[in-house]
Amino acid sequence: MALEKPYQDVPGTTIFDAEQSRKGYWLNQFCMSLMKAENRARFKADEAAYLDGWPMTDAQRAAVRARDLNECIRLGGNIYFLAKLGATDGRSFQQMAGSMTGMTETEYREMMLRGGRSIEGNRFVGEDGDAQAHRQPQGAAGKTADTET
Amino acid sequence: MARVTASVYTSHVPAIGAALDQGKSDEPYWRPLFRGYDFSKSWLAEQRPDVVFLVYNDHATAFSLDLIPTFALGMGERFDPADEGWGPRPVPPVFGHPGLAAHIAQSVIQQDFDLTLVNRMDVDHGLTVPLSLMCAGPQGADPAWPFKVIPFAVNVVQYPVPSGRRCFQLGQAIRRAVETFDEDLDVQIWGTGGMSHQLQGPRAGLINREWDNAWMDQLIADPAACSRVPHIDYVREAGSEGIELVMWLIARGAMADVAGGAAPKVAHRFHHVPCSNTAVGHLILEDT
């Protein structure tokens, strides 16, 4: 019997539940390994070789290489673990969070200074708020990336 | 006998620690936030608690996915600030109160809460940022924090996390435990985390000032009703990381009115947006 997961209709949001946690076990443990300076150095020297040492899926490895945090989260990653990857790259939590919205760092920072993202239209999938699937990407960073690919 | 004298509630955003450690607290971005704690610093210096029971969550620091306890009670003599990937914060280590912690373990587990007892763990920004916000004087590695700290880590990272109701009941059990400890100690209980924030996905950056304040109103006036707010309301209204607020209910459950006493005095209340990705909330309740 499927258990109740009422959080699946929240737009732009993945809840790190036991099922996601199981899926992302090695991805997140790889991230934890980056808390040690020697591992950070080995990872930076040869990302592919370092990632091969962890029994992750190829999709997880590719998402890490691309620093695609939305994809990492979809594949079982959790933001507090992924923050170790961000720290290795010298990025703050605000830079990491902003990177998942398609906004530039400046655009995201300005949104926060204006009081943050509004809840209006962003409570349920199917409304018209800026976090809804049909309104992605939200900013210039995402649009540039789209043009490039 | 030991007694619970007050409860303190505050966000524990890591950027606050970074701002303090890098000497940025007088910059225009940060000044309004730290002003909100000016009262709190002098209040705490006057109160001089012997022990702070500090409820926080670990952010993939001491606990990896190898093992995540739902409720972890720090039993040790000493807990060091963790290296979260940016180097350890230059703040003093935390000295615990093993005697009171052992007594709380004995009492609270016998009241049907299955705590995990931890003798060794490093403590991350979830614990050290509230101390930095509340304690006056120079930070840095010396002098030591002015009281003993019992760390109490709650899992709010891997769902399902404990319900608000469970946290509220746990706070009541902790009060009963403290009140049966024979030493003459003033104990404060702090609940940390929140308020509205979301750190992931296209909805990152969500802030809901109106919900935060209504939730705080209810936490003060009708904590039993507040404890029945379901997880989904936190996620939907306050963001996926807003769920940290269930930890405030542990501190609220430990206040006298919940045990049949008088309503607490609201000594201080503060809300500020933004702090990095987060809405900062802060509250001080005194038992009267």
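Residues numbered from 1 in each chain as written. Chains lettered and ligands numbered in written order. Predicted model: local features only at pLDDT ≥ 70, side-chain atom pairs only at ≥ 80, totals over all residues. Heavy atoms only, no water.

**Observations regarding the nonpolar core**
All names here are of chain B. Residues Phe152, Trp215 and Ile250 are the most contacted members of the largest nonpolar core, which totals 69 residues. At seven residues, helix 6 (residues 164–179) tops the list of elements feeding residues into this core. Among all residues touching Trp215, those that are not within four sequence positions of it are Met195, Cys226, Tyr234, Leu245, Trp248 and Leu249. One finds Ile16, Val52, Ala72 and Trp190 within the second-largest nonpolar core, a separate group that totals 40 residues. (Core = buried A, V, L, I, M, F, W, Y, C linked by side-chain atoms within 4.5 Å. Buried < 20%, exposed > 50% of the residue type's maximum accessible area, 1.4 Å probe, protein only. Helix = DSSP H or I, 4+ residues; strand = E, 2+ residues; numbered from the N terminus. Contact = heavy atoms within 4.5 Å.)

**Observations regarding the domain arrangement of chain A**
Residue and element names in this part refer to chain A. In terms of domain boundaries, chain A breaks down into domain 1 (16–88) and domain 2 (90–120). One C-alpha centre belongs to domain 1, the other to domain 2; they are set 22 Å apart. When domain 1 packs against domain 2, close to 690 Å² is buried across both sides, 68% of that on carbon and sulfur atoms. Of all residues in domain 1, the largest losses of buried area upon contact with domain 2 belong to Leu69, Asn70 and Gly86, amounting jointly to 52% of the total for that side. Where domain 1 touches domain 2, the interface holds zero salt bridges. (Domains from an automatic or database assignment. Buried area = accessible area lost by both parts, 1.4 Å probe. Salt bridge = Lys/Arg side-chain N within 4 Å of Asp/Glu carboxyl O.)

**Here we look at the sheet that holds strand 8 (residues 186–192) of chain B**
All names here are of chain B. Taken together, eight strands build an open sheet; the order of strands is 6-3-7-2-8-1-10-9 and the sheet is mixed. The strands lining the two open edges of the sheet, one partner per strand, are strand 6 (116–118) and strand 9 (265–275). The sheet shows a mean angle of 20 degrees between the axes of neighbouring strands, taken without regard to direction. The strands that helix 4 (residues 98–110) touches are strand 2 (51–56), strand 3 (71–74), strand 6, strand 7 (148–154) and strand 8; relative to strand 3, the one it contacts most, it runs at about 150 degrees. (Pairing = 2+ DSSP bridges. Axes fitted to C-alpha atoms, helices over the stretch in contact; angles between N-to-C directions.)

**Concerning the pattern of salt bridges**
By the definition in use, this model includes 20 salt bridges over all chains. When the shortest N-O distance is used, the salt bridge between A:Glu47 and A:Arg67 registers 2.7 Å. Of the two residues, A:Glu47 is situated in helix 4 (residues 47–52) and A:Arg67 in the loop between helix 5 (58–65) and helix 6 (69–74); the sequence distance between them amounts to 20 residues. Taking the shortest distance from any N to any O, the salt bridge between B:Arg175 and B:Glu179 comes out at 3.2 Å. Placement of the pair is B:Arg175 and B:Glu179 together in helix 6, with a separation of four residues, close to one helical turn.

**A look at unusual backbone geometry**
Working note: non-glycine residues mostly have negative phi, and peptide bonds are mostly trans. Residue and element names in this part refer to chain B. A cis amide bond links Tyr159 to the next residue, Pro160, at an omega of -5 degrees. For Pro160, the location among the structural elements is in the loop between strand 7 and helix 6. The omega torsion across Val273 and Pro274 is -5 degrees, close enough to zero to call that bond cis. Not every positive phi belongs to a glycine, and Arg48 is a case in point at roughly 45 degrees. Even without being a glycine, Ser276 presents a positive backbone phi close to 55 degrees.

**Some remarks on the environment of B:Trp211**
Residue and element names in this part refer to chain B. Mapped onto the elements, Trp211 comes out in helix 7 (residues 209–221). The exposure class assigned to Trp211 is buried, which follows from its relative accessible area of 15%. Each C-alpha atom of the pair Trp211 and Arg252 lies 18 Å from the other, and the pair is 41 residues apart in sequence. Here Trp211 is in contact with Asp233, Tyr234, Glu237, Ala238 and Leu245, once residues within four sequence places are set aside.

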